[in-house]
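# Inside the fold
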Amino acid sequence: MDLKDISLYVDDRPAEGVFRVHRDVYADPELFELEQEYIFGRTWNFLALESQLRKANDFVTAQIGRTPVLVTRDAQRRLGAFANVCRHKGAVVCRAEAGNAKYHVCPYHGWAYDASGKNVDIKDRKTGGYPPAFDAEDHDLLPLARVASYKGLVFGSLSAEVPPLDEFLGDMRFFLDLMMEQGPEGMEYIPGRAVYTYRGNWKLQLDNGLDPYHLTSTHLSYIDIQSRRRAGLGNVEARQFDWAMRASKEGGSFGFPHGHSVYWLDQPEPEKRPIFPAIPEIRARLSDRHAEWMLKARNTEIFPNMQIADAITLMLRTFHPVAVDRTEMRSYCLAPVGEAPELRAWRLRQFEDFFNPGGMATPDDTIVYSECQSGLAAQPISFLQGHSRGIAAAKQGGNDVSQALGIRPTVSVKGGFTLFNEVALHAPYREWVRLMQAGVSGGKAYP
Ligand code: FES
Ligand code: FE2
């Protein structure tokens, strides 16, 4: 394939009903290198929750592509984000994941930076024989080109040439509101997180997060266990859902500009959602429409590498590209600040049961990702056939559901649960092509 013509990797011919992704997109190390520069290096990336950065000197470490990032609230309570890389010899300065620190001292030679990224000490500077040219240099941590937040979600960009965050998120904001406005005092991570790696490309997680088609095969054992529970066997306290009831429900998806996408499904058992008791409060504080949509199952992709799933409890995950065939996952359980202890417990039991790496779904998924990666290295396959379901049911632009919500997607699908459409993946792959093509042809990411 020709790395100068990225459109060859995604055979996208809407008028003919064709959407095919080439296996090299997941397996070619050269494309992986270009992604670092032209995707992760030139777009907004999710970094942290503002609720992790409430107090002066709170900090969180994150990652944009291969760049380690330090996100801070400085002494003046300003939000900042910096390359977490020492100006001396390039060591990662802050090793911790999160905490509160007035100063960040590099573990290598002890240079120190404050929470605004300013270099406050060069160890033994006086005896160092430094020339005036060195003294004239700036020694502070390098700030990211952009940092901004939306409804408590903090994003950063290595490039200044990005649209304002609100514009980047566009109408996807309605679906972010449904996650981030569940509590009157905002949202927070339940303490603890899961970090794990899988042997596969980062876009395997992108695909899977918008893929209900795999549920009834990959997670068969999970579905079996739930029927046993309904018969009174096993962990009957887990408050799991009756999956058979989903089959008759309606759902759909929307794709948005800049690669974002959402999958939704009417929830057959809303009373099993931990926010169910809060619905009257949500209705009064926001609207009937918010209350109705918060009870639907929703899986969202914020391009490139953040997903929030509000299906079985509420989880936020990021997936970081480590190598073409290696990805680091981080997953968190999100909850309203100030949630009642019994609802918090209910939420946690659901999270453990399904999403946790020790739960009953995630191990199934990570195994199939590595099996996909092995298969993608096989020679006879060129284009995959995994992005075609639902094309015949898709509508360019909006539909009656989006009109009622007042949002303008680029593509919409509506249908029964078992449509399991794969059209939800078109927006992310179109954006992947657009950004990669802009990069290799020397153009701007956001002209
Ligand atoms: Fe940080 Fe030397 S690399 S002080
Ligand atoms: Fe899964």
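Below you will find a few notes about this structure. Along each chain, the written sequence defines residue order, and numbers are assigned to residues from 1. Lettering of chains starts at A and numbering of ligands starts at 1, both following the order in which they are written. Since the coordinates come from a predicted model, pLDDT governs what is reported: local features require at least 70, and pairs of side-chain atoms require 80 or more to be given and counted, while whole-chain, interface and lining totals use all residues. Hydrogens and water molecules were not included; the side-chain quantities draw on all heavy atoms of the structure.

### Section: the nonpolar core
We call a set of buried residues a nonpolar core when its members are Ala, Val, Leu, Ile, Met, Phe, Trp, Tyr or Cys and they connect through side-chain atoms within 4.5 Å of each other. Think of it in three bands: residues with accessible area under 20% of the maximum for their type are buried, residues over 50% are exposed, and the middle band is partly exposed, with areas taken using a 1.4 Å probe on protein chains only. Core analysis: the biggest nonpolar cluster contains 89 residues, and L47, L153, F155, F175, L316, L334 and W432 have the highest contact counts within it. By size, the runner-up hydrophobic cluster in this structure holds 20 residues, among which are L215, I312, M315 and A335.

### So, the environment of P321
Runs of E in the DSSP output that reach at least two residues are strands. Runs of H or I that reach at least four are helices, and both are numbered from the N terminus. When you line up the elements, P321 lands in strand β19 (residues 313-323). On the basis of relative accessible area, P321 is assigned to the buried category, the value being 3%. Counting along the chain gives 16 residues from P321 to N305, while the straight-line C-alpha distance between them is 8.9 Å. Those residues within four positions of P321 in sequence are excluded, and the remaining contacts are F32, Q36, F40, G65, W202 and R326. Two residues qualify as a contact provided that any one of their heavy atoms is within 4.5 Å of a heavy atom in the partner residue.

### Concerning the pattern of salt bridges
Side chains that differ in sign of charge can pair as their charged atoms come close. Here, a salt bridge means any Lys or Arg side-chain nitrogen found within 4 Å of an Asp or Glu carboxyl oxygen. Following the criterion strictly, the structure yields 34 salt bridges and no others. One salt bridge in this structure joins E181 and K151, with 3.0 Å as the shortest N-O distance. In this pair, E181 sits in the loop between α5 (172-180) and β13 (187-189) while K151 sits in the loop between β11 (146-150) and β12 (153-157), placing the two residues 30 residues apart along the sequence. D400 is paired through a salt bridge with K414; the nearest N and O atoms lie 2.9 Å apart. With a gap of 14 residues between them, D400 in helix α13 (residues 400-405) and K414 in strand β22 (residues 411-416) connect regions that are remote in the sequence. Using a relative accessible area of 46% as the deciding quantity, one classes D400 as partly exposed. The exposure class of K414 is partly exposed, given its relative accessible area of 31%.

### Considering the environment of R408
Within the secondary structure, R408 sits in the loop between α13 and β22. A C-alpha to C-alpha distance of 24 Å links R408 and R283, two positions 125 residues apart in sequence. Apart from residues no more than four positions distant in its own chain, R408 is found in contact with D171 and F256.

### Regarding the side chain of Q182
Along the polypeptide, Q182 turns up in the loop between α5 and β13. Polar contact is the term for a pair of N or O atoms within 3.5 Å; when the atoms are in protein, one must be able to donate a hydrogen and the other to accept it, and sequence-neighboring residues count only if both atoms are side-chain atoms. A distance of 3.0 Å separates the side chain of Q182 from the backbone oxygen of L178, its partner in a polar contact. The residues touching Q182, leaving out its near neighbours within four places in the chain, are M187, I275, E281, I282, R285, M294, R298, D310, L314 and P336.

### Some words on the pairing of strand β20 (residues 326-336)
Burial analysis of β20 places nine of its eleven residues in the buried class, the great majority of the element. Relative to β20, strand β14 (residues 194-198) is paired through five bridges, and the arrangement is antiparallel. Counterpart to V195 in the pairing with β20 is R330. Sheet analysis places β19 next to β20, joined by eight bridges and oriented antiparallel. Within β20, the residue paired with P321 across the bridge is T327. Two strands form a pair only when DSSP identifies at least two bridges running between them.

### Description of the side chain of R42
Structurally, the position occupied by R42 is in the loop between α2 (29-40) and β3 (45-49). Asp and Glu count as negative and Lys and Arg as positive, but His and the ends of the chain are not part of the count. For the buried R42, which has no salt bridge, the nearest side chain bearing the opposite charge is E161, at an N-O separation of 5.5 Å. A distance of 3.1 Å separates a polar atom in the side chain of R42 from the backbone oxygen of G443. Beyond its immediate chain neighbours, meaning those up to four positions away, R42 contacts E37, S159, V162, L435, A438, G439, G443, K444, A445 and Y446.

### Let's talk about the packing of α2 against helix α14 (residues 426-440)
The convention used is that axes are lines fitted to C-alpha atoms, helices contributing only their stretch in contact, and that angles between N-to-C directions extend from 0 to 180 degrees. For the pair α2 and α14, interaxial distance at closest approach is 9 Å and the crossing angle is 90°. Between α2 and α14, the crossing angle belongs to the class labelled roughly perpendicular. Taken together, the residues of α14 that come into contact with α2 (itself represented by L31, L34, E35, Y38 and I39) are W432, L435, M436, G439 and V440. In this classification, the charged set is Asp, Glu, Lys and Arg, the nonpolar set is Ala, Val, Leu, Ile, Met, Phe, Trp, Tyr, Cys and Pro, and all remaining amino acids, among them Gly, are polar. Counted by class, the contact of α2 with α14 contains eight nonpolar, one polar and one charged residues. Comment on the angle field: the value is read as roughly parallel under 35 degrees, roughly antiparallel over 145, roughly perpendicular from 65 to 115, and oblique elsewhere.

### Structural notes on the pairing of strand β6 (residues 79-83)
Among the five residues of β6, four are classified as buried, and the element is accordingly described as predominantly covered. Pairing between strand β5 (residues 67-73) and β6: five bridges, direction antiparallel. Its bridge partner lying in β6, R73 is registered against L79.

### A word on helix α12 (residues 362-376)
Expected helix span is given by 1.5 Å per residue-to-residue step, counting one fewer step than there are residues. Along its 15 residues, α12 runs 21 Å from first to last C-alpha, staying within 8% of the 21 Å computed at 1.5 Å per residue. Residues of α12 that are buried sit in contact with α1 (24-27), β14, α6 (202-208), α7 (215-218) and α11 (341-354).

### Considering the sheet that holds β3
If you walk across this open sheet you meet the three strands as β3-β12-β11, and the pairing is antiparallel. Each edge of the open sheet carries a strand with a single partner, namely β3 and β11. Going from strand to strand, the sheet's axes swing by 30° on average, the running direction of each strand aside. Relative to β12, β11 is paired through five bridges, and the arrangement is antiparallel. Bridging across to β12, R146 finds its partner in S157. In the packing of α5 onto the sheet, contacts are made with β3, β11 and β12, and the angle to β11 comes to roughly 65°.

### Considerations on the coordination of the iron ion (ligand 2)
Donor atoms are limited to N, O and S found within 2.8 Å of the metal ion, a distance that becomes 3.2 Å for Na, K and Ca. With water left out, some sites might look partial. Summarising the metal site, the iron ion (ligand 2) is bound by the protein donors H214 (NE2), H219 (NE2), D365 (OD) and D365 (OD), whose distances to it range over 2.1 to 2.3 Å. Site shape is set this way: if four donors have all angles between 85 and 135 degrees, tetrahedral; if opposite donors are over 155 degrees apart and all others between 65 and 115, square planar for four donors and octahedral for six; otherwise irregular. Note that the iron ion (ligand 2) binds four donor atoms; their angles at the metal cover 57 to 142°, and the shape is irregular. Along the chain, the residues that donate to the iron ion (ligand 2) are spaced as H-x4-H-x145-D. In this pair, H219 sits in the loop between α7 and α8 (220-230) while D365 sits in helix α12, placing the two residues 146 residues apart along the sequence. With respect to class, H219 is no different from D365; both count as buried.

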